[in-house]
Amino acid sequence: MKHNSSRHGEIHLGTHGEDYGNWMPSSMLWLVGGLAALAAVLSVLSFAVFHITALGVVFVIAALLLLALLLWITWIRRQYAFGGGGMMKRVHHVVLSHLDFDGQGQLLDVGCGSGALSIRAALTWQAAQVVGIDYWGAAYGYGQAMCKKNAESEGVAARCRFQHGDANRLDFPDESFDAVVSNYVYHNITGADKRALLRETLRVLKKGGVFALNDEHIIDTAQEAFGSRRRAARMMLGDSRMLVGRK
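Residues numbered from 1 in each chain as written. Predicted model: local features only at pLDDT ≥ 70, side-chain atom pairs only at ≥ 80, totals over all residues. Heavy atoms only, no water.

K.L.:
Go over the pairing of strand β1 (residues 106-110), please, and point to the residues and values.
P.N.:
With 4 of 5 residues buried, β1 is to be regarded as a mostly interior element. Handedness of the crossover is the feature at issue here: the chain leaves β1, passes through helix α5 (residues 116-124), returns alongside strand β2 (residues 129-134), and the resulting connection is right-handed. One ladder, built from 4 bridges, connects β1 with strand β4 (residues 177-183); its direction is parallel. Bridging across to β4, Leu-108 finds its partner in Val-180. (Buried < 20%, exposed > 50% of the residue type's maximum accessible area, 1.4 Å probe, protein only. Helix = DSSP H or I, 4+ residues; strand = E, 2+ residues; numbered from the N terminus. Right-handed = clockwise from strand over helix to strand, strands pointing away. Pairing = 2+ DSSP bridges.)

Written as structure tokens, this is what we have:
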């Protein structure tokens, strides 16, 4: 298996003001921050208005715990940011460096999010055509328009196509792609049979095609992508594993 880490490491995304979002969405910060503020208000009311000391103590503890959680996920968001700790791009680097792809033909990115992994692939293999599909739920704030804008800004719009899709039922004929990648997608598809998801991914891969699927599978990538398993766990991705191979 080729491991072209030097080639991938020379690519730097997000240097032209592109928006690649963050794996720790801002909505999560607002939610936890709002709950912490609510708990603080309820603690004040419990002490000053209702004079229920025990209830006030409960709300104080809840507010402190939520504040600690807010600080933690704020740190995680900073670590993931392309302009911060850069952990998102480091993980993408690891995924593509494990892909034994010659750069010829078509590559599919299942669950492309903001398009960062697709765009990195297009910059890495400049003869390849890249297709990114995603359901683009509301949780992370990603979307097709974001992907297209990022690809245009990075100069690869002519070789990147982004479309709405479902990993359970990929809208492509059998053996359509020469390579398939996916990064932290399958575990988010609730209620899905993970083996069926894998079979569907491999269905659209050509005979002899290669794949690198990073999620909660076989090869432990926590040490390589995050520096240590402990650091990966602190960033809520301790089970960072990858399945790689050739069909």
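Read on, since the account is not over.
K.L.:
Tell me about the packing of aromatic side chains, residues and numbers included.
P.N.:
In the structure shown here, the tally under the stated rule is 6 aromatic pairs. Measuring from centroid to centroid gives 5.2 Å for Trp-23 and Tyr-80, while their planes differ by 65 degrees, and the two rings are edge-to-face. Of this pair, Trp-23 sits in the loop between α1 (5-9) and α2 (26-48) while Tyr-80 sits in helix α3 (residues 53-80), placing them 57 residues apart in sequence. Both rings, one in Phe-172 and one in Phe-177, keep their centres 4.9 Å apart while their planes meet at 90 degrees; by these two values the pair is edge-to-face. Given the relative accessible area of 2%, Phe-177 is considered buried. Three or more aromatic residues link up through ring pairs in this structure, and these residues are Trp-23, Tyr-80 and Tyr-184. (Phe/Tyr/Trp six-rings, centres within 6.5 Å; stacked < 30°, edge-to-face > 60°.)

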